[in-house]
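Reading the structure
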Amino acid sequence: MNAKVFRSIVWLLVAACVGILVVLGGLASRPPVGQGSSARVEEGSVPIGSPFAMTAHTGETVTQDTYAGKAWLVFMGFTNCPDICPTTLAEMSLWFEELGAQAARMRGFLVSVDPERDTLERLALYMQSFDDRIVALRPTPEELERFAKAFKVYYKKVETGGGDYTMDHTAGVFMFDTAGKFAGTIDLHEDREIRAAEAASPRNG
Amino acid sequence: VEHAEIVLAPPGGMMMAGYLAIWNGSGSQANLQAVESGSFALVSIHNTIVSDGVARMRPVEGVIPIPGNSELLMQRGGFHLMLSEPAAAIQEGDTVEITLVFEDGRRVEASARVLAPGQKTIDHHHGEADGTGNE
């Protein structure tokens, strides 16, 4: 299959998936299947992972409530990452572009796993290359540790010699529906078949 | 070299990525040792491995073997070049000269196209007559 055809197919799956996220958000007052009648879901106030507060590349403070009611696409990365990070953010930018009006109900996030080097100035420059509905967040090191625990994401500083270092990090884009419930992961770098299957079934995360 | 591309870093990013497709048309294995470029102070070969959902990028130690009559295709989430500290400002559409250095001392020149940040590299393989080949 050539890349262009494949791209179109993945894109359609993502669009379908985001559509489902938005619909799910609309149904949020109903308890999720399998959790019984005791499940309590308050639309718009459901915490995503856990409370957090980070500084956005625009300088404002972003908490779990700032974009409540939107579907979230969250990616962990850093600006000194030449390979996976820019390609993922470029891909995410395309989703926003191709979703058109529906994208108003969605926000993307780059959470820096390298706040030491990713200053707000650098993040602000970096985000110029991507859709402006993607927000770069700079946590403090302590906040990053808490966030990673609550969201079950992985990051680790790895020395590469000569005083330089790189970051290992969770590579997938994890999704939350408009009610703030985890709705699965899209991994752009796993096998294409796996990725397509994931995007087609966002509730299986 | 079938094709060679360098993807610009977004502003603020210090590292650019480069992707090559190298066809070894000889019957014997070629060992890629390094890639050099006068246009960058630092060029190295890295490999990103994604396993259990975690991306780990590491410098390549030693050589990358390319068996006879086969292709080494660098791509995102795999082998790639890391280029930093350009000698002069580099823009989309520019061409950058690079040199592949093999373990046996052979040097192969190639021209890399410069792409915009995040832009996808072309999906070209040896033998495909799509006009993107370098050789």
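Up top is the structure these notes are about.
Conventions adopted
Residues numbered from 1 in each chain as written. Chains lettered and ligands numbered in written order. Predicted model: local features only at pLDDT ≥ 70, side-chain atom pairs only at ≥ 80, totals over all residues. Heavy atoms only, no water. Helix = DSSP H or I, 4+ residues; strand = E, 2+ residues; numbered from the N terminus. Buried < 20%, exposed > 50% of the residue type's maximum accessible area, 1.4 Å probe, protein only. Pairing = 2+ DSSP bridges. Axes fitted to C-alpha atoms, helices over the stretch in contact; angles between N-to-C directions. Contact = heavy atoms within 4.5 Å. Buried area = accessible area lost by both parts, 1.4 Å probe. Salt bridge = Lys/Arg side-chain N within 4 Å of Asp/Glu carboxyl O. Polar contact = N/O pair within 3.5 Å; in protein donor to acceptor, adjacent residues only side chain to side chain. Nonpolar A, V, L, I, M, F, W, Y, C, P; charged D, E, K, R; others polar. Disulfide = S-S within 2.5 Å.

**A closer look at the overall build of chain A**
Looking only at helices and strands, chain A features 5 helices and 9 strands. Tracing chain A from N to C terminus, the helices and strands come up as α-β-β-β-α-β-α-β-α-β-β-β-β-α. Counting the 205 residues in chain A, one finds 53% classified as buried.

**A few points about the sheet that holds strand 9 (residues 182–186) of chain A**
Within a sheet, neighbouring strands are paired by backbone hydrogen bonds and run either parallel or antiparallel to one another. All names here are of chain A. Strands sit in the order 2-1-5-4-3-8-9 across an open sheet of 7 strands; the sheet is mixed. The outermost strands of the open sheet, each flanked by one partner alone, are strand 2 (61–63) and strand 9. Going from strand to strand, the sheet's axes swing by 35° on average, the running direction of each strand aside. Here 2 bridges tie strand 1 (residues 53–56) to strand 5 (residues 134–138), and the two strands are oriented antiparallel to one another. Note on strand 5: the bridge partner recorded for A56 is L137. Helix-sheet contacts for helix 2 (residues 84–99) involve strand 3 (71–77), strand 4 (106–112), strand 5, strand 8 (173–176) and strand 9, and the interaxial angle to strand 3 is about 165°.

**Points about the interface of chain B and chain A**
Counting residues at the interface gives 28 residues for chain B, matched by 33 residues for chain A. When the two sides are added together, the surface that chain B and chain A hide from each other amounts to roughly 2,400 Å², 58% of it contributed by carbon and sulfur. Our count for the chain B to chain A interface comes out at 2 salt bridges. Applying the counting rule to chain B against chain A returns 9 residue pairs in polar contact (both at pLDDT 80 or more). Looking at the side of chain B that touches chain A, the elements that each hand over two or more residues are strand 2 (16–24), strand 4 (40–51), strand 5 (54–59) and strand 8 (79–86) of chain B. Counting residues per element, the side of chain B that touches chain A draws most heavily on strand 5 of chain B, which supplies 6 residues. Of the residues that constitute the side of chain B that touches chain A, the class distribution is 14 nonpolar, 9 polar and 5 charged.

**Section: the pairing of strand 10 (residues 107–115) of chain B**
Both faces of the sheet carry side chains from a regular strand, because those side chains alternate between them. All names here are of chain B. When strand 1 (residues 3–7) meets strand 10, the two strands line up parallel, connected through 3 bridges. Across the sheet, residue I6 finds its bridge partner in strand 10, namely V114. Both strand 9 (residues 95–102) and strand 10 contribute to a ladder of 7 bridges, which runs antiparallel. Directly across from E97, in strand 10, lies its bridge partner S111. Connecting the antiparallel pair strand 9 and strand 10 is a turn made up of 4 residues, with G105 showing a positive phi of about 95°.

**Considering the pairing of strand 1 of chain B**
Residues and elements named next belong to chain B. Of all 5 residues in strand 1, 5 are buried; the element is thus mostly enclosed. Neither face of strand 1 is open: one carries H3, E5 and V7, the other A4 and I6, and all of them are buried. As defined by bridge partners, strand 1 adjoins strand 2 across 5 bridges and the pair is classed as antiparallel. If you follow V7 over to strand 2, its bridge partner there is A17.

**Quick word on the state of the cysteines**
Residues and elements named next belong to chain A. Applying the stated criterion across every chain, the model contains 1 disulfide over all chains. The side chain of C81 participates in a disulfide bridge whose partner is C85; the two sulfur atoms lie 2.3 Å from each other. Between C81 and C85 the sulfur-sulfur dihedral comes to about 100°; the bridge is accordingly right-handed. Its relative accessible area of 4% is what places C81 among the buried residues. Residue C85 is classed as buried on the basis of its relative accessible area of 0%.

**Notes on unusual backbone geometry**
Residues and elements named next belong to chain B. Positive phi, normally seen in glycine, also occurs at N69, with a value near 55°. Secondary-structure assignment places N69 in the loop between strand 6 (64–66) and strand 7 (70–73). Phi at E85 is positive, roughly 55°, even though this residue is not glycine. On the secondary structure map, E85 appears in strand 8.

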